[in-house]
Amino acid sequence: MKITKVEVFQLHTDVRPDWRPIGCRIYTDEGIFGDGEGAMAFDMGAPGVYGMLKDLAGMIIGMDPLENEVIWEKLYRGSFWGLNGGPVIFSAISAIDIALWDIRGKFFNVPVYTLLGGKKHDNLRCYASQLQFGWGEVRTPARTPEDYAHWAKVAVGEGYDAVKYDFLTYDETSGFFNDDERRGILGKRILHIYEKRLAAVREAVGPDVDILIEHHANTDAESVIQLAKISEKYDVFCFEEPATPYPQSHKYVRSQINIPIAAGERIYSRWGYAPYFIDNSIQMIQPDVGNCGGLTEAKKICDMAYAFDVGVQCHACGSPLSNVVALHLEAVIPNFVIHEHHAVNLTPYNKAYCEYDYQPVNGKYKIPELPGLGNSFTREAIDHALYRSVIE
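Okay, so let's go over this structure. No experiment lies behind these values; they were computed from the predicted model shown.

**As for the layout of surface pockets**
Then comes step 1: Estimated volume of the largest pocket: approximately 760 Å³.
Then comes step 2: Phe42, Asp43, His216, Glu265 and Arg266 are the residues nearest the centre of the largest pocket, which is lined by 29 residues in total.
Then comes step 3: For the lining of the largest pocket, the per-class residue count stands at 11 nonpolar, seven polar and 11 charged.
Then comes step 4: For the second largest pocket, the calculated volume is near 250 Å³.
Then comes step 5: Taken together, Leu11, His12, Thr13, Asp14, Tyr349, Ala352, Tyr353, Thr378, Glu380, Ala381, His384 and Ala385 form the lining of the second largest pocket.
Then comes step 6: Of the residues that constitute the lining of the second largest pocket, the class distribution is six nonpolar, four polar and two charged.

This is the structure we're talking about:
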């Protein structure tokens, strides 16, 4: 079997101009195709992944799609920028690698999790993620403590037993907190806003629901330590991205707080993760399969984490394809902790990109059982992409 062509596309939606999933479809001479996604759908950078994907796609024409390790090494070492690369090139490598695993599963007529080693977990526990945006089909910014309590109750009412917020995304009136307000030694005003919101959520959900706190690395080492001292009173599950993704900063923060640190959506490849394992500065890694190097690399990262007693929760904030990729990996690994069900997965514009809309039931996810990934981009979404190229 040989790769004959690669279709690369940048999807879009009129609802959110900053939401631009990047995908590829790899075709073979046996009529089997596979879909992959480079996970830089939000904010800036998507066009860079689209361009890099077009460049890398030319390197794999004529190769055997079942030889994923051979292709991965070629992309990593043969592209020059792969070595010590960042999000753009690793997102492009990831998209290709994910599509190859989709082909592999279809070729052997089994779900991808079978090829990764077999399903150890089913009914994956998941949390309702980013509730500061609301929890429903439309974004509804949470500003008052009552808003935060409300959305927590909505999610728990749907069966979730864990929720995640960034409590310092939106200010109290009409905008966002800026960097200067979230970094450095924080004043009493910010600390009081933070605690009122967190306390409202804890009171709303009771003692048996886990609260995960997101910081998007908008805080720094000093500010997050202040926030952690407050948070310890409310039995917080973990702190996500407390500071700039830098091993020494995380090591310092971890030495000062009694809450586990979660991070990884902006750490790329096993070489990027290794320092955090060595100094035990992350207790739950969050690799995004769509930007850390694909399933081939993500499995290696998770296996490394297991050797250091580090748990795994894949970051998943892309199209529905990204979500199922994470499910397949998490189903297999022994150090799985919890799955992220992002608020964007509830929106009609995001659901429309793919053939299937898998959703958790009572806060638990079943693993797709169709051959390959069990999901694919719709032909309509590809044909109406903002940009589309075919490399042969």
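**Brief notes about helix H11 (residues 294-307)**
Then comes step 1: For H11, spanning 14 residues, the distance from its first C-alpha to its last is 20 Å, which sits close to the expected 20 Å at 1.5 Å a residue.
Then comes step 2: For H11, the full list of buried residues reads Gly294, Leu295, Thr296, Glu297, Ala298, Ile301, Cys302 and Ala305.
Then comes step 3: Immediately beyond the C-terminal end of H11, within one or two residues, lies Asp309, with a positive phi of roughly 60 degrees.

**Considering empty space enclosed by the protein**
Then comes step 1: By the definition in use, this model includes three cavities of 30 Å³ or more.
Then comes step 2: Estimated volume of the largest cavity: approximately 100 Å³.
Then comes step 3: Taken together, Arg16, Phe133, Gly134, Gly136, Val138, Arg139, His342, Ala343, Val344, Thr347 and Tyr349 make up the full set of residues lining the largest cavity.
Then comes step 4: Residues belonging to the lining of the largest cavity are distributed by class as follows: five nonpolar, four polar and two charged.
Then comes step 5: In this model, the second largest cavity occupies a volume close to 70 Å³.
Then comes step 6: Forming the walls of the second largest cavity are Pro320, Asn323, Val324, Asn345, Asn350, Lys351, Tyr356, Asp357, Tyr358, Gln359, Tyr365 and Asn375.
Then comes step 7: At the level of elements, helix H12 (320-332) and helix H13 (348-351) are the ones that each hand at least two residues to the lining of the second largest cavity.
Then comes step 8: If you tally residues by element for the lining of the second largest cavity, the top one is H12, at three residues.
Then comes step 9: Across the lining of the second largest cavity, the residue classes break down as five nonpolar, five polar and two charged.

Reading the values: rules and limits
- Residues numbered from 1 in each chain as written.
- Predicted model: local features only at pLDDT ≥ 70, side-chain atom pairs only at ≥ 80, totals over all residues.
- Heavy atoms only, no water.
- 1 Å grid on protein atoms, 1.4 Å probe; cavity = no way out; pocket = protein on both sides within 12 Å on 5 of 7 lines; lining within 4 Å.
- Points joined across faces, edges and corners; volume = space filled by probe spheres on them.
- Nonpolar A, V, L, I, M, F, W, Y, C, P; charged D, E, K, R; others polar.
- Helix = DSSP H or I, 4+ residues; strand = E, 2+ residues; numbered from the N terminus.
- Expected span 1.5 Å × (residues − 1).
- Buried < 20%, exposed > 50% of the residue type's maximum accessible area, 1.4 Å probe, protein only.

Don't take any of this as a statement about function, it's just geometry.
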